[in-house]
Amino acid sequence: VAEVAVHLQSFLGCDTCIDENNVSLQLHMQVAVNETSYAHRSFEEDDEAKANARLQLKRSIQRYTYRLFLLSTLDDLVSQFVDAAKAKHTEEIRSIDRRGRVALKENAMADLKMIQDFLDQLQELIMEGGTEDFISISKRYNFLSLKQAMEGNNGITYRDQLFRDAVREQVELEVYVPLRSIISRQLVHGWRNDDREMQFKMEVLRHRPQSYFKIRPNHQSPSEWRSVSKILHEGVGRSTLPCAKLRAIVDASKEVARLYTEEHNQSISYNVFAGLSPSNLAPNIETQSDALSADDFLPIFIFCVVKSQIERPCALCVLLRTLCDPSKRIGETGYYLASFEAAIAHIRELDLADAEANNPTLI
């Protein structure tokens, strides 16, 4: 009877668009993804009604997924995994100070891989069993404005990605959040020296002008790309969930193009990828003499990463690379995550003394 009641609540609850002001309808642990002033913005959907409908559909799918975790089978499965991970960490932490840095990194990577596999398998399990219900929910009258966007081959891809995003977010809330302190502790200890060096370099570089980063004069921002740095600082640095951090990296990257358009009166398309081959993995920007290329983008992004004052960037890269949704490791998210990692690697490898000697702006 209890399981039948939960199933009934699932279908009734998912038919209701969630009201921000109705506390009784808020998702479990929702504070974990709403803790910053950074608000995710859609660059693909200019229609506000369509954007709102997409958000409500995502929340309905997420609410459905949350209710699945109330079932005893899934609840026991997750509880056993979380308890086992915590018990394993308790045994390992006793010897943490006696182990070398390499051993700490290896142990952290092994545990992250275990969590990654569990997240991915749980996500696929829910997607496989719930997609038909998700499609049924998406056909409700509340989401009629999305009907055209979800038709055809491209529409199915759009729809399925929305479903995956919603499921992934709730799976991370149920699994990653209870283990977050353990994961953070391992990453902090393992990459402590790397991040100390990075923090020192970023503090020095934070006071350097855009020309120091080899940003072309006609591409420099009068605002010093503050809106991009803010997204990185709040969306990446302060968000809890890996999927939210990854979403913010994509948003920050697109904000570079949007801000450049606004400040330089250039015409730029936000249809980011013409294809998924390596040669096409770059912003789709109309050909103009002052248009941004992929080579122009990276120096700007490095500048923004430095300005964002993100804590423990090396450990963060490990976390995001490992726990990224498999479907997002290629394509748009994968490309911009690689750009973020490239920015961190560039800063880490930078010799400040040589850079200052070779940069005429500092003479």
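Only a predicted model underlies this, so the values are computations on that prediction, with no experimental measurement involved.

Caption draft 1: Just the overall build of the protein, in detail. Counting secondary structure elements, the protein contains 12 helices and 0 strands. Ordered by position from N to C terminus, the α and β elements of the protein give α-α-α-α-α-α-α-α-α-α-α-α. For the protein, the accessible area works out to roughly 18,000 Å², and carbon and sulfur atoms hold 51% of it.

Caption draft 2: Molecular detail of the state of the cysteines. By the definition in use, this model includes 0 disulfides. Between Cys243, a cysteine without a disulfide, and Cys324, which holds the nearest cysteine sulfur, the sulfur-to-sulfur distance is 10.0 Å. Take Cys243: its relative accessible area is 12%, and that puts it in the buried class.

Caption draft 3: Representation of the packing of aromatic side chains within the structure. For the structure shown, the criterion picks out 8 aromatic pairs. Arranged with centres 5.2 Å apart and planes meeting at 80°, the rings of Tyr64 and Phe134 form a pair that is edge-to-face. Placement of the pair is Tyr64 in helix H2 (residues 48-68) and Phe134 in helix H4 (residues 101-138), with a sequence separation of 70 residues. Assigned by exposure class, Tyr64 and Phe134 land together as buried. An aromatic cluster of three or more residues is present, and its members are Phe297, Phe301, Tyr335 and Tyr336. Between the NZ or CZ atom of Lys50 and the centre of the ring of Tyr158, over which it lies, the distance is 6.0 Å. A cation over a ring is seen here: Arg208 above Tyr212, with NZ or CZ 5.6 Å from the ring centre.

Caption draft 4: Seen up close, the pattern of salt bridges. This model, assessed by the stated rule, comprises 21 salt bridges. Salt-bridge contacts for Arg159 lead to Asp160; the nearest nitrogen and oxygen are separated by 3.1 Å. For Asp160, a relative accessible area of 27% puts it in the partly exposed group.

Conventions adopted
- Residues numbered from 1 in each chain as written.
- Predicted model: local features only at pLDDT ≥ 70, side-chain atom pairs only at ≥ 80, totals over all residues.
- Heavy atoms only, no water.
- Helix = DSSP H or I, 4+ residues; strand = E, 2+ residues; numbered from the N terminus.
- Areas by Shrake-Rupley, 256 points an atom, 1.4 Å probe, with all protein chains shown as cover.
- Disulfide = S-S within 2.5 Å.
- Buried < 20%, exposed > 50% of the residue type's maximum accessible area, 1.4 Å probe, protein only.
- Phe/Tyr/Trp six-rings, centres within 6.5 Å; stacked < 30°, edge-to-face > 60°.
- Lys NZ or Arg CZ within 6 Å of the ring centre and 35° of its normal.
- Salt bridge = Lys/Arg side-chain N within 4 Å of Asp/Glu carboxyl O.

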